[in-house]
Amino acid sequence: MITQHFSTLVAGLLVAAAIPGQALAQNDTGKAVYDKVCVACHSAGIAGAPKFGDAKDWAARIKAGMDTLYESAIKGKAPAMPAKGGATDVSDADIKAAVDYMVAAAKNGGSSAAAPAPAAAPAAAAPEAAPKPRPAALSFNRLLKPASKRNPPPPEDGIHDPDNDGSYALQPPLSVFEGLPRSNAGNRINWVKALDSNQIAPRWDRTDPTAAPVVMDLNIVREVKGSMPDVVYPHKQHTAWLDCSNCHPQIFIPQKGANQISMAAILLGQKCGVCHGKVAFPVSECRICHSKKKDVMPVKNANAQ
Ligand code: HEC
Ligand code: HEC
Ligand code: HEC
Ligand code: HEC
């Protein structure tokens, strides 16, 4: 469940960045909205979305008239086209501009469309049975290793689903991570800061774009014997990403002090180690967890934290 939640986050993040399309006509607003919102589905044709620049995908829809298309884009179209592509804060006029941009690209026949061209579809015969043509997937390394040690392209790496169109739309982390706050460990991004500063807006629920997390601000201090500073476990930074059920009750009984936690267990991938070192910053960053200095001298103010 945890892994699923995370792959959704990461895939969402990677797909959200635009695959640059060639400038078509002068419709900068439409292009900007498309690149920011619509591209996530319409570039690769996810969930049956008509593909950008694909005349065949769009022909019948264009025949229905622009008003129908505007209405579908603004109000959504069952089952998988969300109202305004999920970006409910974008004005109706700007959504219409995006539709104009997409329709113009489709009328352009797709010859000038973005990204690698789909393999030519086999003509006539039994078109229904033919495998769906797809663009070539990009090859990149999830762990930011040098180019010589690249992973195979996502559909072949044994991690991503080759039957999911999203696997063909994933972009290399180096280009997508550019500009995000840095950290020294893991995949070198400070994800807590990236989220706090609104530089990323991962979708909480894969299917409901309006769902928001229940963020709980409750720190649990775990005293550590010996010289290491005490551990402060912050619910706030975790519940911004995770559901209560990701940790309670399987990993932790929800009661302060009820759980036996040790560094050995963490290093073995239990307790905090279920995530840290795998999908969250690694155990080598001692001070992020061991963040509370011990009182070496008796303090006057007993309430001081
Ligand atoms: C989450 C995926 C997703 C996003 C994001 C998305 N679309 Fe769609 N879109 C779809 C799907 C799926 C369809 C096909 C719906 C159907 O006909 O079943 C579709 C269809 C359409 C159609 C054709 C509607 C019709 O009546 O035939 C238009 C126009 C359209 N989208 C515009 C947009 C615009 C503009 C944006 C960005 C603001 C956008 N879409 C973002 C998934 C998406
Ligand atoms: C990343 C894991 C994680 C997530 C997600 C999480 N918790 Fe916790 N929770 C903990 C840990 C660790 C403790 C401390 C357990 C201990 O000290 O033995 C704790 C303790 C608690 C406690 C006990 C507090 C006390 O003072 O006794 C409650 C109540 C609680 N959590 C509720 C929640 C709720 C509600 C959510 C969702 C909004 C949530 N937790 C999400 C890890 C998590
Ligand atoms: C279910 C997964 C999960 C578990 C279990 C978990 N964490 Fe985290 N933790 C995360 C994620 C995700 C983040 C945010 C991404 C990152 O910082 O890498 C995070 C971030 C943090 C942060 C950073 C807060 C900040 O402000 O930068 C601290 C501290 C932390 N965890 C401590 C702990 C401790 C201590 C435990 C065990 C008691 C624990 N975590 C268990 C997933 C988890
Ligand atoms: C993901 C959070 C996290 C990170 C990172 C982390 N620790 Fe811990 N550490 C804990 C927790 C939780 C405990 C258990 C505290 C308790 O006893 O309740 C602990 C306990 C300890 C203890 C007490 C003895 C024991 O094994 O339980 C020592 C010593 C310690 N850590 C050292 C380190 C050092 C050194 C590093 C860096 C190499 C480190 N820790 C990194 C969370 C972390």
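Source: prediction; values computed, not measured.

## Concerning the packing of aromatic side chains
Aromatic ring pairs are defined here through the distance separating the ring centres and the angle between the ring planes. Considering all chains together, one arrives at four aromatic pairs under this definition. Ring centres of Phe 52 and Tyr 101 lie 5.4 Å apart, and the angle between their planes is 35 degrees; on these two criteria the pair is classed as tilted. Of the two residues, Phe 52 is situated in the loop between α2 (28-42) and α3 (55-63) and Tyr 101 in helix α5 (residues 92-107); the sequence distance between them amounts to 49 residues. On the basis of relative accessible area, Phe 52 is assigned to the buried category, the value being 9%. Residue Tyr 101 is classed as buried on the basis of its relative accessible area, which comes to 1%. The structure contains a cluster of three or more aromatic residues connected by ring pairs, namely Tyr 34, Phe 52 and Tyr 101.

## Considering the coordination of the iron atom of ligand 1
Taken together, the protein donors to the iron atom of ligand 1 comprise His 42 (NE2) and Met 81 (SD), at separations of 2.1 Å. For the iron atom of ligand 1, the six donor atoms are set out with angles of 85 to 179 degrees between them, so the coordination reads as octahedral. On the criterion of sequence distance, the pair formed by His 42 in helix α2 and Met 81 in the loop between α4 (66-75) and α5 is long-range, its members being 39 residues apart. By relative accessible area, which is 28% here, Met 81 ends up partly exposed.

## Structural notes on the coordination of the iron atom of ligand 4
Binding of the iron atom of ligand 4 to the protein goes through Met 263 (SD) and His 290 (NE2), at separations of 2.0 to 2.2 Å. Its six donor atoms give the iron atom of ligand 4 angles of 87 to 179 degrees at the centre, a pattern that matches the octahedral case. Remark: His 290 occurs in the segment after α11 (286-289) and Met 263 occurs in helix α10 (residues 263-267); sequence separation between them is 27 residues. What makes His 290 buried here is its relative accessible area of 10%.

## Side note on the site of ligand 4
Residues in close proximity to ligand 4 total 16 residues, the closest being Arg 222, Met 263, Cys 286, Cys 289 and His 290. Residue Arg 222 places a side-chain N or O atom 2.7 Å away from an oxygen atom belonging to ligand 4. Within the side chain of His 290, one N or O atom sits 2.8 Å away from a nitrogen atom of ligand 4. Breaking the shell around ligand 4 down by element, the ones donating at least two residues are α10 and α11. Residues that form the shell around ligand 4 fall into these classes: ten nonpolar, three polar and three charged.

## Observations regarding the nonpolar core
Val 33, Tyr 34, Cys 38, Phe 52, Ile 95, Val 99 and Met 102 are the most contacted members of the largest nonpolar core, which totals 21 residues. Every element with two or more residues in this core is listed here: α2, α4 and α5. Of the residues forming this core, the biggest block, eight residues, is contributed by α5. Excluding its chain neighbours within four sequence positions, the residues that come into contact with Tyr 34 are Val 39, His 42, Ser 43, Phe 52, Ala 98, Tyr 101 and Met 102.

## Description of α5
If you check α5, its first and last C-alpha atoms are 22 Å apart, about what 16 residues at 1.5 Å a residue would give, namely 22 Å. Regarding α5, the residues found buried are Ile 95, Ala 97, Ala 98, Val 99, Tyr 101, Met 102, Val 103, Ala 105 and Ala 106.

## As for the environment of Ala 32
If you trace the backbone, Ala 32 turns up in helix α2. Overall, Ala 32 belongs to the partly exposed group, its relative accessible area being 43%. Counting along the chain gives 66 residues from Ala 32 to Ala 98, while the straight-line C-alpha distance between them is 7.8 Å.

## Some details on the side chain of Ser 72
Following the sequence through the fold, Ser 72 ends up in helix α4. Ser 72 gets classed as buried once you look at its relative accessible area, which sits at 18%. Once you skip the residues sitting within four places of it in the chain, Ser 72 turns out to touch Lys 77 and Met 81.

## As for the packing of α2 against α5
Packing of α2 against α5 leaves a shortest axis separation of 8 Å and a crossing angle of 75 degrees. Here α2 lies roughly perpendicular to α5, going by the angle between them. Every residue of α5 that contacts α2 at Thr 29, Gly 30, Lys 31, Val 33, Tyr 34, Cys 38 and His 42 is listed here: Asp 94, Ile 95, Ala 97, Ala 98, Tyr 101 and Met 102. When the residues that make up the contact of α2 with α5 are grouped by side-chain class, the tally is eight nonpolar, three polar and two charged.

## A short note on the packing of α3 against α5
For any two helices packed against each other, the geometry comes down to the angle between their axes and how far apart the axes lie. Close contact between α3 and α5 brings their axes to 9 Å; oriented N to C, the two are set at 120 degrees. Relative to α5, the element α3 is oriented oblique. Crossing of α3 against α5: the hand is left-handed. Contacts between α3 and α5 involve Ala 55, Trp 58 and Ile 62 from the first element and Met 102, Val 103, Ala 106 and Lys 107 from the second. Tallied by class, the residues present in the contact of α3 with α5 amount to six nonpolar, no polar and one charged.

Criteria and thresholds
Residues numbered from 1 in each chain as written. Chains lettered and ligands numbered in written order. Predicted model: local features only at pLDDT ≥ 70, side-chain atom pairs only at ≥ 80, totals over all residues. Heavy atoms only, no water. Phe/Tyr/Trp six-rings, centres within 6.5 Å; stacked < 30°, edge-to-face > 60°. Helix = DSSP H or I, 4+ residues; strand = E, 2+ residues; numbered from the N terminus. Buried < 20%, exposed > 50% of the residue type's maximum accessible area, 1.4 Å probe, protein only. Donors = N, O, S within 2.8 Å, 3.2 Å for Na, K, Ca; no water. Tetrahedral: all angles 85-135°; square planar, octahedral: opposite > 155°, others 65-115°. Near = heavy atom within 4 Å. Polar contact = N/O pair within 3.5 Å; in protein donor to acceptor, adjacent residues only side chain to side chain. Nonpolar A, V, L, I, M, F, W, Y, C, P; charged D, E, K, R; others polar. Core = buried A, V, L, I, M, F, W, Y, C linked by side-chain atoms within 4.5 Å. Contact = heavy atoms within 4.5 Å. Expected span 1.5 Å × (residues − 1). Axes fitted to C-alpha atoms, helices over the stretch in contact; angles between N-to-C directions. Parallel < 35°, antiparallel > 145°, perpendicular 65-115°, else oblique. Left-handed = near helix turned anticlockwise from the far one by under 90°.

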